[in-house]
Amino acid sequence: MNVRLTRHHKNIIFATVLLLPSIALLALTIISPLIKSVLMSFTDYSLLSPDKHWNGFANYTELLRSSEFYHSLRVTLVYVVITVILDLMLGMALAVVLNRNIKFRGFFRSIIMIPWAIPTIVTALIFMWIYQGDYGVLNYTLVHLGMIDANINWLRTMSVALPSIIVVAVFRQTPLVSVMLLAGLQGISGSLYEAARIDGASSWRIFTNITLPMLKPVISSVTLIMIVNNFQMFTLFFTLTNGGPAGSTTSLAIMTYFTAFSKYEMGKASAIGVIWLVLLFAFSMIFTRLTNRDDR
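Residues numbered from 1 in each chain as written. Predicted model: local features only at pLDDT ≥ 70, side-chain atom pairs only at ≥ 80, totals over all residues. Heavy atoms only, no water.

Trainee: Run through the overall build of the protein chain, naming residues and quoting values.
Mentor: Scanning the protein chain from terminus to terminus reveals 13 helices and zero strands. When the elements of the protein chain are put in sequence order from the N terminus, they spell out α-α-α-α-α-α-α-α-α-α-α-α-α. For the protein chain, whose C-alpha radius of gyration is 25 Å, the value lies well above the compact-globule estimate of 19 Å for 296 residues. Scored against the burial criterion, the 296 residues of the protein chain give a buried share of 36%. Sequence-distant contacts, at least 24 apart, represent 66% of the contacts inside the protein chain between residues at least 6 apart. Approximately 18,100 Å² of the protein chain is accessible, and the part contributed by carbon and sulfur atoms is 68%. (Helix = DSSP H or I, 4+ residues; strand = E, 2+ residues; numbered from the N terminus. Rg over C-alpha atoms; globule rule 2.2 N^0.38 Å. Buried < 20%, exposed > 50% of the residue type's maximum accessible area, 1.4 Å probe, protein only. Contact = heavy atoms within 4.5 Å. Areas by Shrake-Rupley, 256 points an atom, 1.4 Å probe, with all protein chains shown as cover.)

Trainee: Got a sec to walk through the environment of serine 37? Specific residues and values, please.
Mentor: Along the chain, serine 37 falls in helix 1 (residues 7-40). Sequence separation between serine 37 and valine 274 is 237 residues; the distance between their C-alpha atoms is 7.7 Å. Excluding residues within four positions of it along the chain, serine 37 makes contact with Ser270 and Val274.

Trainee: Can you lay out the confidence of the model for the protein chain for me, pointing to particular residues and giving the numbers?
Mentor: Overall, the prediction assigns the protein chain a mean pLDDT of 90, with 97% of residues at 70 or greater. Across the protein chain, helix 11 (residues 235-240) holds the top mean pLDDT of 96, while helix 4 (residues 105-111) sits lowest at 85. (pLDDT = per-residue confidence, 0-100.)

Trainee: Describe the packing of helix 6 (residues 120-131) against helix 8 (residues 158-186), and please don't skip the residues or the numbers.
Mentor: The N-to-C vectors of helix 6 and helix 8 enclose an angle of 130 degrees; their axes lie 11 Å apart at closest approach. Between helix 6 and helix 8, the crossing angle belongs to the class labelled oblique. Considering the relative orientation of helix 6 and helix 8, their crossing is right-handed. From helix 6, Thr120, Thr123, Phe127 and Tyr131 reach across to helix 8, where they touch Ser164, Val167, Val168, Phe171 and Arg172. (Axes fitted to C-alpha atoms, helices over the stretch in contact; angles between N-to-C directions. Parallel < 35°, antiparallel > 145°, perpendicular 65-115°, else oblique. Left-handed = near helix turned anticlockwise from the far one by under 90°.)

Trainee: Lay out the nonpolar core with the relevant residues and their values.
Mentor: Of all hydrophobic cores here, the largest spans 56 residues; its most connected members are Leu63, Tyr79, Phe231, Leu236, Phe237, Leu240 and Leu252. Top contributing element to this core by residue count: helix 8, with eleven residues. (Core = buried A, V, L, I, M, F, W, Y, C linked by side-chain atoms within 4.5 Å.)

Trainee: Can you break down the pattern of salt bridges residue by residue, with the values?
Mentor: If charged atoms from side chains of opposite charge come close, those side chains can pair. Within this structure, the stated rule accounts for two salt bridges. Salt-bridge contacts for lysine 268 lead to glutamate 62; the nearest nitrogen and oxygen are separated by 3.2 Å. Of the two residues, lysine 268 sits in helix 13 (residues 266-295) while glutamate 62 sits in helix 2 (residues 58-64), which places them 206 residues apart along the sequence. Glutamate 68 serves as the salt-bridge partner of lysine 263, at 3.7 Å between the closest nitrogen and oxygen. Taken together, the positions of lysine 263 in the loop between helix 12 (252-261) and helix 13 and glutamate 68 in helix 3 (residues 67-98) put the pair 195 residues apart, joining distant regions of the chain. (Salt bridge = Lys/Arg side-chain N within 4 Å of Asp/Glu carboxyl O.)

Trainee: Lay out the packing of aromatic side chains with the relevant residues and their values.
Mentor: Applying the stated rule across the entire model yields 17 aromatic pairs. Measuring from centroid to centroid gives 5.1 Å for phenylalanine 234 and phenylalanine 238, while their planes differ by 20 degrees, and the two rings are stacked. Taking relative accessible area as the criterion, phenylalanine 238 reaches 31% and is therefore assigned partly exposed. One aromatic cluster is present, built from ring pairs that chain together Phe234, Phe238, Tyr257, Phe258 and Phe261. The ring of tyrosine 45 has lysine 52 lying over it, and the distance from NZ or CZ to the ring centre is 5.2 Å. Against the face of tryptophan 116 rests arginine 172, its NZ or CZ located 4.6 Å from the ring centre. (Phe/Tyr/Trp six-rings, centres within 6.5 Å; stacked < 30°, edge-to-face > 60°. Lys NZ or Arg CZ within 6 Å of the ring centre and 35° of its normal.)

In structure tokens, the structure reads:
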């Protein structure tokens, strides 16, 4: 019996064939490891022992009763909130400036992405030299300007270690934010600004009543991307401070790494990852729903 396929069914089959390699790759690299990690979080699996036993929610219970976990969560949240706010503020300022008809605008638009183009590990190594306690450029400059009396070990002092990491993150991420916001600014019709100026609106009123509302979708997307990226930041913390001094910069990423590869508690480390994933997923859903509700 011959079965004649309609054009619609042929298109579906063709699309499915094209998508199968991507779906298979996604399943092998993301879905499968994710499922394995979730299952592992319910075991007492350790790298020191080949045996693993199902222990239910014991890992989660231990984590939720651990002050170390809440400290790492607090460090992560402080880092994410401050970094994202600074990224948005500085990125917006740069985008507004680069959107104006200034001299060498094309040149500045080109070089602004250099910090983002540099690999994170290279940026961290550069700032390790800048922050160096004895002969670092930062201490040398501040001492000669009379702003500090003695050298500061920026990455080994509890009160300034986390702010030092935040500075590096903002330096690297702000260019990307500014370029994305600049793209949004260029999508705003110039006639809106001309009409506002004719009506006598000040620059601040134009910015708050035209620029910000028109940029709201872009700002929402950039904010969510930056929050997710910074929430899982590992390279800067590991390279610059390795979670120190005295755990003052131990984020969830660092805690997960040490739990898995220093304490060899893979089950517990997987539980941290699952909690981490749930927190990010819940926040993303709430954030998306709030921004979509405001757009109605």
